[in-house]
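Coordinate inspection notes
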Amino acid sequence: EASNNATIGNFTITGTNTAPTTILINTNGTNNGTQFVRFNFSTRGEGVNITSITMLRTGTATDADILDVALYNATPAADSDTDPLSNVQLIARNTSAPDSLGRYTFTGFQWNVSGSGDSVDQYLFVVANITREATGGRTVGFMINNKGNVTTVGPVSGQSVTDTLV
């Protein structure tokens, strides 16, 4: 059955790798938060309320290497070259091991990405603490790898908004 309806608006997610090439572990047993990726969430038209995000851990690190993973609202501090984590707001922290596929699911929050006639950008940092016992030489990264890994709803329409991953 053909539909004569079209989706109004646009919701795009773009990821930028911000991970260092080497992570130093300090004496208290963690690295005190390493930023691995910055996501740019952009809407045009109606904004979105995000209530769940699933991240996939990539690389050779194991569950035992990661102490926790956190999401930070980094708007408007996303372009700070000095200390990008100095002016951010914690959205969610996951201290549980990921599922068997290496996915961390963050729930229990609502993050609003505003919309308007012009594209509106908001930034999300993914930060992880690596344990002191982490095996040297392993690699780690994080990504949103599938449409639907970000649960959204339009605050006005109440409709689910599907993201476009770039």
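Attention in this report is confined to the structure presented alongside it.

So, how was this worked out
Position labels on residues start from 1 in each chain and follow its written sequence. In keeping with the model being predicted, local features are shown solely for residues with a pLDDT of at least 70 and side-chain atom pairs are shown and tallied solely at 80 or more, while totals for entire chains, interfaces and linings include all residues. Hydrogens and water molecules were not included; the side-chain quantities draw on all heavy atoms of the structure. Residues belong to one nonpolar core when they are buried, are Ala, Val, Leu, Ile, Met, Phe, Trp, Tyr or Cys, and are joined through side-chain atoms within 4.5 Å. Exposure is judged per residue with a 1.4 Å probe applied to protein chains only, and the accessible area is read against the type maximum: over 50% gives exposed, under 20% gives buried, and values in between give partly exposed. Whether two residues are in contact is decided by their heavy atoms, any of which lying within 4.5 Å being enough. Secondary structure follows DSSP: runs of H or I at least 4 residues long count as helices, runs of E at least 2 residues long count as strands, and numbering of each begins at the N terminus. When DSSP finds at least two bridges between two strands, those strands are taken to pair. Note on aromatic pairs: the rings of Phe, Tyr and Trp (six-membered ring only in Trp) are paired at centre separations within 6.5 Å, and the planes decide the class, stacked below 30 degrees, edge-to-face beyond 60, tilted for the rest. A side-chain nitrogen of Lys or Arg and a carboxyl oxygen of Asp or Glu constitute a salt bridge if their distance falls within 4 Å.

Focus on the nonpolar core
Most often, soluble globular proteins have nonpolar side chains that are buried together. Judged by nonpolar contacts, the single largest core of 27 residues is most densely connected at Phe39, Phe41, Ile50, Ile53, Met55 and Leu124. Apart from the residues within four sequence positions on either side, isoleucine 50 is in contact with Phe11, Phe41, Phe109, Gln110, Trp111, Val113, Val150, Thr151 and Thr152. Membership of the second largest hydrophobic core comes to six residues, among which are Ala74, Tyr123, Phe125 and Val127.

Describing the pairing of strand 6 (residues 103–106)
Only one face of strand 6 is covered, namely the face carrying Tyr104 and Phe106; the face carrying Arg103 and Thr105 is uncovered. Sheet topology note: the strand 3 (residues 48–58)/strand 6 ladder contains four bridges and is antiparallel. Bridge assignment links threonine 54 to a residue of strand 6, and that residue is threonine 105.

Section: the environment of glycine 47
The topology assignment puts glycine 47 in the loop between strand 2 (34–44) and strand 3. The contacts of glycine 47, once residues within four sequence positions are left out, are Val113, Ser114, Gly115, Gly154 and Pro155.

Thoughts on the packing of aromatic side chains
Inspection of every chain in the model, using the stated rule, returns five aromatic pairs. Here the aromatic rings of phenylalanine 39 and phenylalanine 41 are separated by 6.4 Å at their centres, their planes lie at 70°, and the arrangement is edge-to-face. By the burial criterion, phenylalanine 39 is buried, and phenylalanine 41 matches it. For the ring pair phenylalanine 41 and tryptophan 111, a centre distance of 5.1 Å and an interplane angle of 80° mean the geometry is edge-to-face. Note that phenylalanine 41 is positioned in strand 2 and tryptophan 111 in strand 7 (residues 111–113), a separation of 70 residues in sequence. An identical accessibility class is assigned to phenylalanine 41 and tryptophan 111; each is buried. An aromatic cluster is built from Phe11, Phe39, Phe41 and Trp111, whose rings are joined through pairwise contacts.

As for the pattern of salt bridges
Tallied over the full model, the rule gives four salt bridges. A salt bridge links aspartate 68 to arginine 93, with the shortest nitrogen-to-oxygen separation between them at 3.4 Å. Of this pair, aspartate 68 sits in strand 4 (residues 66–73) while arginine 93 is found in strand 5 (residues 89–94), placing the two residues 25 residues apart along the sequence. Residue class for arginine 93 comes out partly exposed when judged on its relative accessible area of 39%.

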